[in-house]
Amino acid sequence: MLADEGVCQRVDETDPLMANTMENLDSRVHGNNTAVTHKYIPFFGCMISVKYPQFEAAVRKTAPALGIEFVDVKGFTCCPDPIFFKASDKMRWLTIAARNLSLVEDLGLDIVTVCSGCTATLLEAHHLLENEELRAKVNERLKAIDRQYQGTAKVRHLCTVIRDDIGMDKVKESVKNPLEGLRVAIHYGCHLLKPSQVMKVDDPNHPTILEHLIEAVGAEPIEHNEKLLCCGKACMHDEMPKEMVRDIVQSILSMDVDCMGLICPTCFDEYDLGQMLLSRKYNKTFNLPVIYYFQLLGLAQGLSPHDVGLHRHKIKTDKILEKLGVVV
Amino acid sequence: MTEIDFRFKQVVDAIVSADHHSYCMQCAACVGDCPSSKYSDRFNPRQILLMVITGMTEDLLAEGSMIWECTNCYNCFERCPQDVRPVEVIIALKNLATQRKHNPDKVDQMVQAVQMTGRTTLSTSAVNRIRGELGLAEVEEPPVEELRKIF
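Remember, it's a predicted structure, so these values are computed and weren't measured experimentally.

**Student:** Is there a simple way to explain the overall build of chain A in this structure?
**Tutor:** When helices and strands are counted, chain A shows 16 helices and nine strands. For chain A, the residues scored as buried account for 52% of the 328 residues in total. A fraction of 78% describes how many contacts in chain A between residues 6 or more apart in sequence connect residues 24 or more apart.

Given below as structure tokens:
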């Protein structure tokens, strides 16, 4: 297990010796290693840890080569979901988000997210709770479980952490097998970038962060007309989301690409499992493999397709691996 | 005779981040980049805002309302020159519709899943087996008892 290999730590935040442990971690890590290690608390969320654990595996396995160390914290729940759960009751959504954030406030480490939905919820909650009146209302509710939200926890998506803390150069250094010639169609999804005043990741009209990340692994990012179109997952309608996905997939396929690269597990659901449903509806095979960025990074770092869980995808990724000369 | 109810604004005002609805000047910048507007034959954020301001929200809060067609893409939030945050107003309407039990089943399912298990997606023994094959530890059981107290 990764925890046994010392790749990540299981830290119990209720343990009074925890502060001591954090100091020990520091000295152990910097021992005879000249590289700087950045420590973060990972928040994997529901979809990735339960439905698409291959994404968690890819993230955990590619992190060490980037100088990232994950310090796991117990007690997180669903972020909660910014679509269906928030639609039922905003105050309840905000309170549960505040609870998640309050768990890490005394630990002195930033939270890193890998799901756009979790990022949206936690960042927006942090932003809303800057308002004292609202914070007081939420803290009133949190009293019932003996917790208080102070607002000191900082949250960022792993892509932003890589760009701002780790550096693209470190990503390039970690690459053993550059994915040369791989044409990857970009899909940003909506929640990583918007609302931009809260998310502060990139310009939502002309984003480049994913392109740089894909270039860093030696692959070629391909733009297409519907690069910024929503996947439609949140739209509760029988036909509309399928039509959006169809248009995005067709837009991508018109560009002669090898696969679609994305960073959101919900989008992945729409384009991988969703592509099968789309095929049934339109009686057409699209055959567009869909990959989560950190799986691409994993392949570039020399991990096997099985290590990053490509075998778990509904749309087979064989032709990408063939092109890259990777043995399955 | 159509009844306008300007008091409805106060109801929406009380909901988190929905209180900028009256800044709306009906410019329709929100409609231009709205994917739901493009793909639906009835969804229109500008119209929704007008109905909120005038309190003509019977249809919006009824079963099968168009508000559930919103993709939550936040384009309207980005485009609005008045900081109305149309998507947040729409989510506020979803809150009100849910109070009246006029929400789609999917919302209830997600809420119940979080209440019962702490997650939106059910964890099973198969999940832990798959995680094990990928070299991951088993998923943690979320503290559901504590979570329920703030439900």
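Text resumes after the structure shown.
**Student:** Sorry if this is basic, but what is going on with the overall build of chain B here?
**Tutor:** Broken down by element type, chain B carries nine helices and zero strands. Along chain B, helices (α) and strands (β) appear in the sequence α-α-α-α-α-α-α-α-α when read from the amino end. Here chain B has a C-alpha radius of gyration of 19 Å; the compact-globule value for 151 residues is 15 Å, and the former is much larger. When its C-alpha atoms are laid out on the principal axes, chain B stretches across 60 × 30 × 25 Å. Counting across all 151 residues of chain B, residues that qualify as buried make up 40%.

**Student:** What's the story with the interface of chain B and chain A in this structure? I'm lost.
**Tutor:** How big an interface is tends to be stated in terms of accessible area lost as the parts join. On the chain A side, the residues contacting the 49 residues of chain B number 55 residues. Classifying every residue of the side of chain B that touches chain A gives 27 nonpolar, 13 polar and nine charged.

**Student:** Just to check I follow, could you spell out the confidence of the model for chain B for this structure?
**Tutor:** Low-pLDDT portions of the prediction should not be read for the details of their coordinates. Per-residue confidence for chain B averages 95 on the pLDDT scale, and 99% of its residues sit at or above 70. Under the prediction, the complex receives an ipTM of 0.96, its pTM being 0.90.

**Student:** Even after reading the chapter, I still don't get unusual backbone geometry, so can you show me in this structure?
**Tutor:** Negative phi values dominate among residues other than glycine, just as trans dominates among peptide bonds. All names here are of chain A. Pro 80 follows Cys 79 through a cis peptide bond whose omega is 5°. Assignment of secondary structure puts Pro 80 in the loop between strand 3 (68-73) and helix 4 (84-88). At the junction of Lys 194 and Pro 195, the peptide bond is cis and its omega measures out at 0° in the coordinates. Within the secondary structure, Pro 195 is located in the loop between strand 6 (183-187) and helix 10 (196-199). The phi dihedral of Asp 256 is positive, around 55°, even though this residue is not glycine. Looking at the element boundaries, Asp 256 is found in the loop between helix 12 (240-253) and strand 8 (259-262).

**Student:** Even after reading the chapter, I still don't get the environment of Val 36 of chain A, so can you show me in this structure?
**Tutor:** Residue and element names in this part refer to chain A. Position of Val 36 relative to the elements: it lies in the loop between helix 1 (18-30) and strand 2 (38-43). In this structure Val 36 comes out as exposed when scored by C-beta crowding, with 11 C-beta atoms within 10 Å. The spacing of Val 36 and Gly 67 is 31 residues in sequence and 6.5 Å in space, taken between C-alpha atoms.

**Student:** Just checking my understanding: could you explain the confidence of the model for chain A for this structure?
**Tutor:** All names here are of chain A. Of all residues in chain A, 89% attain a pLDDT of 70 or more, and the chain-wide mean is 90. Note that residues 5-11 has pLDDT below 50 and, in this model, 18 contacts with residues that lie over four places away or in other chains. Taken together, the stretch residues 16-34 has pLDDT below 50 and engages in seven contacts with residues farther than four places along the chain or on a different chain.

**Student:** What am I meant to see in the sheet that holds strand 9 (residues 290-292) of chain A here?
**Tutor:** Within a sheet, neighbouring strands are paired by backbone hydrogen bonds and run either parallel or antiparallel to one another. Residue and element names in this part refer to chain A. The strand order 7-6-8-9 describes an open sheet built from four strands, whose pairing is parallel. Sheet topology places strand 7 (220-222) and strand 9 at the edges, where each strand pairs with a single neighbour. Recorded for the sheet is a direction-independent mean angle of 40° between the axes of neighbouring strands.

**Student:** Sorry if this is basic, but what is going on with the packing of helix 12 of chain A against helix 14 (residues 273-282) of chain A here?
**Tutor:** Axes are the key here: two packed helices are described by the angle between their axes and the distance separating the axes. Residues and elements named next belong to chain A. In the contact formed by helix 12 and helix 14, the axes pass within 10 Å of each other and the chain directions differ by 95°. Here helix 14 runs roughly perpendicular to helix 12, going by the angle between their axes. Where helix 12 abuts helix 14, its residues Lys 242, Val 245, Arg 246 and Val 249 lie against Gly 274, Gln 275, Leu 278, Lys 281 and Tyr 282. Of the residues assigned to the contact of helix 12 with helix 14, the class counts are four nonpolar, two polar and three charged.

**Student:** Looking at this structure, I do not really get the packing of helix 4 (residues 45-54) of chain B against helix 6 (residues 86-99) of chain B. What am I missing?
**Tutor:** Residues and elements named next belong to chain B. Contact geometry of helix 4 with helix 6 gives a least axis separation of 10 Å together with a crossing angle of 60°. Between helix 4 and helix 6, the angle is such that the two are oblique. For helix 4 against helix 6, the interelement crossing comes out left-handed. Across the interface between the two elements, Pro 45, Ile 48, Leu 49 and Val 52 of helix 4 pack against Pro 86, Val 89 and Ile 90 of helix 6. Class assignment for the residues of the contact of helix 4 with helix 6 results in seven nonpolar, no polar and no charged.

**Student:** In this structure, what is going on with the domain arrangement of chain B? I would like to understand it.
**Tutor:** Once the domains are mapped, chain B shows domain 1 (8-99) and domain 2 (105-149). Summarising the inter-unit geometry, the C-alpha centres of domain 1 of chain B and domain 2 of chain B are found 32 Å apart.

**Student:** How should I be thinking about helix 7 (residues 105-117) of chain B in this particular structure?
**Tutor:** A rise of 1.5 Å per residue sets the reference length of helix 7 of chain B, with its 13 residues, at 18 Å; its end C-alpha atoms lie 18 Å apart and thus fit the reference within 8%. Along helix 7 of chain B, the positions that sit buried rather than exposed are Val 107, Met 110, Val 111 and Val 114 of chain B. Along the long axis of helix 7 of chain B, the arc covered by the buried residues comes to 95°, so they all point the same way. Seen from the open side of helix 7 of chain B, the exposed residues pointing more than 90 degrees away from its buried face are Asp 105, Gln 109, Gln 112 and Met 116 of chain B. Among the structural elements, helix 4 of chain A together with helix 6 of chain B are those in contact with the buried residues of helix 7 of chain B. Where helix 7 of chain B ends, the next residue or the one after it, Gly 118 of chain B, has phi of about 80°, a positive value.

**Student:** Is there a simple way to think about the domain arrangement of chain A in this case?
**Tutor:** Residue and element names in this part refer to chain A. Looking at the assigned domains, one finds that chain A contains domain 1 (8-158) and domain 2 (175-324). For domain 1 versus domain 2, the distance between C-alpha centres works out to 26 Å. Residue-level contacts link 22 residues of domain 1 with 23 residues of domain 2. Elements with a minimum of two residues in the side of domain 1 that touches domain 2: helix 2 (45-51), helix 3 (53-62) and helix 6 (116-128). Here the residues of the side of domain 1 that touches domain 2 sort into 13 nonpolar, seven polar and two charged.

What counts, and at which threshold
Residues numbered from 1 in each chain as written. Chains lettered and ligands numbered in written order. Predicted model: local features only at pLDDT ≥ 70, side-chain atom pairs only at ≥ 80, totals over all residues. Helix = DSSP H or I, 4+ residues; strand = E, 2+ residues; numbered from the N terminus. Buried ≥ 20, exposed ≤ 12 C-beta atoms within 10 Å, placed from the backbone. Contact = placed C-beta atoms within 7 Å. Rg over C-alpha atoms; globule rule 2.2 N^0.38 Å. Nonpolar A, V, L, I, M, F, W, Y, C, P; charged D, E, K, R; others polar. pLDDT = per-residue confidence, 0-100. Pairing = 2+ DSSP bridges. Axes fitted to C-alpha atoms, helices over the stretch in contact; angles between N-to-C directions. Parallel < 35°, antiparallel > 145°, perpendicular 65-115°, else oblique. Left-handed = near helix turned anticlockwise from the far one by under 90°. Domains from an automatic or database assignment. Expected span 1.5 Å × (residues − 1). Arc of directions from axis to C-beta.

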